[in-house]
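Descriptive structure summary
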Amino acid sequence: MLSLGKTIRTARKEAGLTMNELAEKTDLTQGYVSKIENDLKIPTQEVLQKISTTLKTPFNELMAKAGYIKTFGQSVREFREEKSWTLEELEKKTINSEYGEPIFINKEKLYQIENGDYNNPSIYEIYLLSYALGVPPWSFSTFELKTPNTDLIEFLNTPNKPDPIKLMNNVLNTMKTRLNEEETTSNEKTEILSQIHAVEDNKKRYIDQLNKLSLNNKPVIEELYSEPESEEERLEKLKVMLLSESPTYMNGVELSNKQKEMILLALDGNFELINEHMTLDKAESEKD
């Protein structure tokens, strides 16, 4: 992780400024800027704000590197050191079997977390650290994390283990019920299908996150939370797609309204109507 001085120097060069130009824009002397960039001087919070604004560098990042506020990794290290644990001991403490197959955070990743080299932990990893260190999830500083805010807010604001996959299944069941209701219009069904795909993608993301933490390199989640799509559901999705006003493609070719109609008839088993259409089409073609 870059020091405060190196971070500012890198940002200054990326902004195309000389040391003197940065000094002028922030009401500092060139010598003072030089001391900051060489980590010989910790600037005040007011100076950091000016540098942040000038170089368009996140203020919280500079504040953390200057030691005014803690990063996620620093707060994890502080809690660990309060207990006089080594990284190896913390690794053992993170082992958790609440999801079935044991999951944990290995010491290599713990080292990366504490040193600020890993700032995109999953909600499961934050939960395991909370569980191991005996502190609420929100005891950690999370301002600089790239973990989605929705994950942090929705799944880490209770003392219970985060179970987003279960929540995703509940949402999917509600959507599928709505999809099959008679009063749902074709346009509404198209929108619901789009939402279902988004939720399914999120569910897969959570399953992947959980499986990556497996202690024994076995899948933590296989079919436990999965409900295979029935043939009826697949057919319903296809019908909704064909009924929508949006373009429908098959093998890379856009289907005409006539082709959509024929496929829908075939799906409903109306082969007599298909023959009638084909006979009429043939007659029209011969006239031409």
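Please read these numbers as outputs of a predicted model, since none were measured by experiment.

Here we come to the overall build of the protein chain. When helices and strands are counted, the protein chain shows 15 helices and two strands. Burial statistics for the protein chain: of 288 residues in total, 38% are counted as buried. Taking the intrachain contacts of the protein chain between residues at least 6 apart in sequence as the baseline, contacts between residues at least 24 apart amount to 60%. Carbon together with sulfur atoms contributes 50% to the accessible area of the protein chain, which is approximately 17,100 Å² in total.

Time to look at the pattern of salt bridges. All chains considered together, the criterion is met by 12 salt bridges. Here R205 ties to D151 by a salt bridge, and the two come within 3.1 Å at their closest N and O atoms. Of this pair, R205 sits in helix α12 (residues 186-211) while D151 sits in helix α10 (residues 149-155), and the two are 54 residues apart along the sequence. Here E181 makes a salt bridge to R178, at a shortest N to O gap of 3.0 Å.

The next thing to look at is unusual backbone geometry. For K56, which is not a glycine, the phi torsion comes out positive at approximately 55°. Its place among the elements puts K56 in the loop between α4 (45-55) and α5 (59-66). Given a relative accessible area of 75%, K56 falls into the exposed group. The phi dihedral of N217 falls on the positive side, at around 60°, and the residue is not glycine. Exposure remark for N217: the relative accessible area of 73% places this residue in the exposed category.

Within the secondary structure, N38 is located in the loop between α3 (30-37) and α4. A relative accessible area of 42% means that N38 is categorised as partly exposed. Linking N38 and I8, residues 30 residues apart in sequence, is a C-alpha distance of 9.7 Å.

Turning our eyes to something else, we now look at the side chain of S141. Within the fold, S141 resides in the loop between α9 (123-133) and α10. Within the structure, the side chain of S141 is placed 2.7 Å from the backbone oxygen of K70, a separation counted as a polar contact. Ignoring sequence-local partners within four residues, the contact set of S141 consists of K70, T71, F72 and S75.

Before going further, it helps to spend a moment on the nonpolar core. One finds L129 and F140 to be the most contacted residues of the largest nonpolar core, which totals 40 residues. Those elements that place two or more of their residues in this core are α6 (72-82), α7 (87-93), α8 (107-114), α9, α10, α11 (164-179) and α12. When residues of this core are assigned to their parent elements, the largest contribution, eight residues, is made by α9. Among the nonpolar cores identified, the runner-up in size contains 17 residues, and A11, V47, L55 and L62 belong to it.

Moving on to the packing of aromatic side chains. Using the criterion set out here, one finds five aromatic pairs in the structure. Ring geometry for F79 versus F140: centroids 5.8 Å apart, planes at 80°, classification edge-to-face. Separated by 61 residues along the polypeptide, F79 in helix α6 and F140 in the loop between α9 and α10 bring together distant segments of the chain. Of the two residues examined, F79 and F140, each falls in the buried class. Between F155 and Y206, the ring centres sit 5.7 Å apart and the planes meet at 80°, which makes this aromatic pair edge-to-face. Of this pair, F155 sits in helix α10 while Y206 sits in helix α12; the two residues are 51 residues apart in sequence, bridging distant segments of the chain. With respect to burial, F155 and Y206 carry one shared label: buried. Of the aromatic side chains, those joined through ring pairs into one cluster are F72, F79 and F140. The lysine or arginine in question, R205, covers the ring of Y206, its NZ or CZ lying 4.6 Å from the ring centre.

So, about the environment of I192. Residue position: I192 is located in helix α12. In sequence terms I192 and R178 are 14 residues apart; their C-alpha atoms lie 8.1 Å from each other.

Close contact between helix α1 (residues 4-14) and α5 brings their axes to 9 Å; oriented N to C, the two are set at 150°. Contacts between α1 and α5 involve L4, T7 and I8 from the former and E61, L62, K65 and A66 from the latter. Partitioning the contact of α1 with α5 into residue classes produces four nonpolar, one polar and two charged.

Structurally, S122 can be placed in the loop between α8 and α9. For S122, a relative accessible area of 7% gives the class buried. Dropping the residues within four chain positions of it, S122 is found in contact with Q209 and L213.

Rules behind the numbers
- Residues numbered from 1 in each chain as written.
- Predicted model: local features only at pLDDT ≥ 70, side-chain atom pairs only at ≥ 80, totals over all residues.
- Heavy atoms only, no water.
- Helix = DSSP H or I, 4+ residues; strand = E, 2+ residues; numbered from the N terminus.
- Buried < 20%, exposed > 50% of the residue type's maximum accessible area, 1.4 Å probe, protein only.
- Contact = heavy atoms within 4.5 Å.
- Areas by Shrake-Rupley, 256 points an atom, 1.4 Å probe, with all protein chains shown as cover.
- Salt bridge = Lys/Arg side-chain N within 4 Å of Asp/Glu carboxyl O.
- Polar contact = N/O pair within 3.5 Å; in protein donor to acceptor, adjacent residues only side chain to side chain.
- Core = buried A, V, L, I, M, F, W, Y, C linked by side-chain atoms within 4.5 Å.
- Phe/Tyr/Trp six-rings, centres within 6.5 Å; stacked < 30°, edge-to-face > 60°.
- Lys NZ or Arg CZ within 6 Å of the ring centre and 35° of its normal.
- Axes fitted to C-alpha atoms, helices over the stretch in contact; angles between N-to-C directions.
- Nonpolar A, V, L, I, M, F, W, Y, C, P; charged D, E, K, R; others polar.

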